[in-house]
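Below, each chain spelled out in residue letters.
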Amino acid sequence: MSNNLSTESSEAVVWMMRITDKEYKIDDRNEFQYSIETGISDIVSGKEKYILLKPSTPVFGTLYLKLSPSGDVIPGAFTIEVGKEDADKKEVRFCKDSADADECIKLFSDLFDGWGVKTDGWNKAD
């Protein structure tokens, strides 16, 4: 069962997912799981360019999570980007590369389940 409440407020979180040029609302855990797994498979096969998951309100400061191919550095690897709020409520972007699809699924799942994304050790994006 998904946690559709942000732990920062009592406001219900509305989840939007964008896979390249298609955007839609995610209403339940099964739909979310299917969309993430299919989206990652489609990125690996070159059918899609990115997946973006965005809550309507920040979840532990996390504004969005984006996954895209990392380019030619590591075939089949991903670049993971996270938008977070700093103390002044300004957006700060972090990124890292990963060749582990399961790690990517876990990051998306943790965000969807209301845990946010920990960016300790990540690079600050320009």
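So, how was this worked out
Residues numbered from 1 in each chain as written. Predicted model: local features only at pLDDT ≥ 70, side-chain atom pairs only at ≥ 80, totals over all residues. Heavy atoms only, no water. Helix = DSSP H or I, 4+ residues; strand = E, 2+ residues; numbered from the N terminus. Buried < 20%, exposed > 50% of the residue type's maximum accessible area, 1.4 Å probe, protein only. Contact = heavy atoms within 4.5 Å. Areas by Shrake-Rupley, 256 points an atom, 1.4 Å probe, with all protein chains shown as cover. Axes fitted to C-alpha atoms, helices over the stretch in contact; angles between N-to-C directions. Parallel < 35°, antiparallel > 145°, perpendicular 65-115°, else oblique. Left-handed = near helix turned anticlockwise from the far one by under 90°. Core = buried A, V, L, I, M, F, W, Y, C linked by side-chain atoms within 4.5 Å. Expected span 1.5 Å × (residues − 1). Polar contact = N/O pair within 3.5 Å; in protein donor to acceptor, adjacent residues only side chain to side chain. Pairing = 2+ DSSP bridges.

Asker: Teacher, can you tell me more about the overall build of the chain here?
Answerer: Helix and strand counts for the chain stand at 2 helices and 7 strands. Helices and strands appear in the chain in the N-to-C order β-β-α-β-β-β-β-α-β. Scored against the burial criterion, the 126 residues of the chain give a buried share of 41%. Sequence separation of at least 24 residues holds for 51% of the intrachain contacts in the chain that already meet a minimum separation of 6. Carbon and sulfur atoms form 50% of the exposed surface of the chain, whose accessible area is close to 7200 Å².

Asker: What is the right way to read the packing of helix H1 (residues 29–44) against helix H2 (residues 101–112) from this model?
Answerer: Each pair of packed helices can be described by the angle between their axes along with the distance between the axes. At a closest axis distance of 11 Å, the pairing of H1 and H2 adopts a crossing angle of 150°. Judged on the interaxial angle alone, H2 and H1 are roughly antiparallel. The two elements H1 and H2 meet at a crossing, and its hand is right-handed. Contacts between H1 and H2 involve Arg29, Phe32, Gln33, Ile36, Glu37 and Ile40 from the former and Ala101, Cys104, Ile105, Phe108, Ser109 and Phe112 from the latter.

Asker: For this particular structure, what's the right way to read the nonpolar core?
Answerer: The nonpolar side chains of a soluble globular protein tend to be buried, and buried together. With 27 residues, the main nonpolar core has Ile51 and Leu67 as its most contacted residues. Sorting the residues of this core by element identifies strand S1 (15–19), H1, strand S3 (51–55), strand S4 (62–69), strand S5 (78–85), strand S6 (91–98) and H2 as the ones contributing at least two each. For this core, the element with the most residues is H2, which contributes 6 residues. For Leu67, the residues in contact, after removing those within four places along its chain, are Ile40, Ile43, Lys49, Tyr50, Ile51, Phe78, Thr79, Ile80, Cys104 and Phe108.

Asker: I keep staring at H2 and nothing clicks. Help me out?
Answerer: Since the α-helix packs 3.6 residues into each turn, any two residues three or four apart lie on the same face. Between its first and last C-alpha atoms H2 spans 17 Å; for 12 residues at 1.5 Å apiece the expected length is 16 Å, and the two agree. Residues Cys104, Ile105, Leu107, Phe108, Ser109, Leu111 and Phe112 constitute the buried set of H2. Its side-chain oxygen placed 3.0 Å from the backbone nitrogen of Asp102, Asp100 serves as the N-cap of H2. Where H2 terminates, the next one or two residues include Gly114, which has phi positive at roughly 95°.

Asker: I'm lost on the pairing of S3 in this one. Help?
Answerer: Each regular strand carries side chains that alternate between the two faces of the sheet. Burial runs high along S3: 4 of the 5 residues are buried. Sheet topology places S3 next to S4; 3 bridges connect them, and they run antiparallel. Bridge pairing links Leu53 to Leu65 in S4. Connecting the antiparallel pair S3 and S4 is a turn made up of 6 residues, with Phe60 showing a positive phi of about 50°.

Asker: So what exactly am I meant to see when it comes to the side chain of Thr20 here?
Answerer: Positionally, Thr20 belongs in the loop between S1 and strand S2 (22–26). Among the polar contacts made by the side chain of Thr20, one reaches the side chain of Glu48 at a distance of 2.7 Å. In contact with Thr20, not counting residues within four places along its chain, are Glu48, Lys49 and Tyr50.

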